[in-house]
Amino acid sequence: MKLVRSAFFGPVLLWSCLLAFASPAQATLVASSAVVYDEGIFNGSFTINGPTVTNGGTSVAGFTSGIVPGLAASGLGTAAYGALHVNAFSAAANPGIGATSQTRALGSAFWSDQLTFSSATYTGVAYARAIFQLSGGLNSLSDPGAVGNSTIAARIQAGGNTVFTSTGQLVSQGGAITINDLRRGQSVNGLVANESVSALTGQFAFDIPFVFGVAFQMTGSLDAFTQAMSGAAGSVASAHSNFGSSGLWKGISEVHLADGTVLSGYGLTSASGFDWTKAFPSGPVTAVSLPATLWLFGAGMLGLLGMRRRG
């Protein structure tokens, strides 16, 4: 049984990277979603693209099979300056005659803004210590003959260079976790070390290099992808990348030189008008839910898998 993550997930990350270099003088928000499903011998493979939202807001795509009971998927992306929310859910159940069925889902959110640090005193290169908060989790479950695959990818770039990244992939195959790969990169004075970590969530500090008086483009992206595939009669699988209240900008704690000297008396402007020195409002975030029928189906699927494992 072969995972096809790169066939669907890779182009989305490439698309986000290309957006980072497009029209550097513009402030941009993009949210998108998509679902791919294959009902085995009953039907071919089809794609449902959610609306592409380009001025801030939410994109949702969903599917529940009327032919193969237990086949469902949904993707969600919400974009705002300082806040990225994504969700993806996939579930697959074999119709019992040996046909392979599968679903894939994507939720994607992206912001881009032009920033300028200014000062009457300082010139040259300095570094802004920024903080980003990521919360949520990955869940993948499977029966023998099935695969569940959930992923998340967060990235912040400044001037076309990555300054923060957090990625995770959790794969369950045949009832066992076969991949649990979590990685994070945080820049220090502009240098990023990408390392394996034990957890995805938390608040993370990193440095953004800049030159006083010179505008630069800063982008943020968050992509959730899931896949569930069932290739044996009666087997089920599910995958959930749940970051629907995640990806929050928590402000800039300081500006410093390479030797650690902390600076004061600077200003920061942005093309969007968003104040990046401050945290995104920390009050309750209204996250758009996946369709209620899919949440109920997902809960039932997880319960079914749990009962089978205890049996």
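In what follows, the structure referred to is the one given above.
Now for a look at the structure at hand. (Residues numbered from 1 in each chain as written. Predicted model: local features only at pLDDT ≥ 70, side-chain atom pairs only at ≥ 80, totals over all residues. Heavy atoms only, no water.)

**So, the overall build of the chain**
- Counting secondary structure elements, the chain contains two helices and 18 strands.
- When the 311 residues of the chain are sorted by exposure, 49% land in the buried category.
- A fraction of 73% describes how many contacts in the chain between residues 6 or more apart in sequence connect residues 24 or more apart.
- About 12600 Å² of surface is accessible on the chain, with carbon and sulfur atoms providing 56% of the total. (Helix = DSSP H or I, 4+ residues; strand = E, 2+ residues; numbered from the N terminus. Buried < 20%, exposed > 50% of the residue type's maximum accessible area, 1.4 Å probe, protein only. Contact = heavy atoms within 4.5 Å. Areas by Shrake-Rupley, 256 points an atom, 1.4 Å probe, with all protein chains shown as cover.)

**Quick look at unusual backbone geometry**
- The phi torsion at asparagine 189 lies on the positive side, around 55 degrees, for a residue other than glycine.
- Given a relative accessible area of 24%, asparagine 189 falls into the partly exposed group.

**Observations concerning the environment of arginine 184**
- Among the secondary structure elements, arginine 184 is positioned in strand β11 (residues 176-188).
- Among the residues examined, arginine 184 registers a relative accessible area of 9% and is labelled buried.
- Residues arginine 184 and phenylalanine 164, spaced 20 residues apart in sequence, show a C-alpha to C-alpha distance of 7.5 Å.
- Leave out the neighbours within four places in its chain, and arginine 184 touches Phe164, Thr165, Ser166, Ala193, Asn194, Glu195, Val197, Ala199, Leu200, Thr201 and Phe204.
- At 2.5 Å, the side chain of arginine 184 and the backbone oxygen of alanine 199 are in polar contact. (Polar contact = N/O pair within 3.5 Å; in protein donor to acceptor, adjacent residues only side chain to side chain.)

**Things to note about a nonpolar patch on the surface**
- Together, Ile41, Phe42 and Ile67 line one region of the surface with nonpolar side chains, adding up to about 310 Å² of accessible area.
- Position of isoleucine 67 among the secondary structure elements: in the loop between β3 (57-64) and β4 (72-80). (Patch = residues over 30% accessible without salt bridge, like charges linked within 9 Å, V, L, I, M, F, W, Y side chains within 5 Å. Salt bridge = Lys/Arg side-chain N within 4 Å of Asp/Glu carboxyl O.)

**Concerning the pairing of strand β15 (residues 236-243)**
- The element β15 is extensively covered by neighbouring structure, given that seven of its eight residues are classed as buried.
- In the sheet, strand β5 (residues 83-93) pairs with β15 via eight bridges, with the strands oriented antiparallel. Within β15, the position partnered with alanine 88 by the bridge is serine 241.
- With six bridges connecting them, strand β8 (residues 137-142) and β15 associate as antiparallel partners. (Pairing = 2+ DSSP bridges.)

**A short note on the side chain of serine 112**
- Here serine 112 lies in strand β6 (residues 101-118).
- For serine 112, the residues in contact, after removing those within four places along its chain, are Gln26, Ala27, Thr28, Tyr81, Gln217, Met218 and Thr219.

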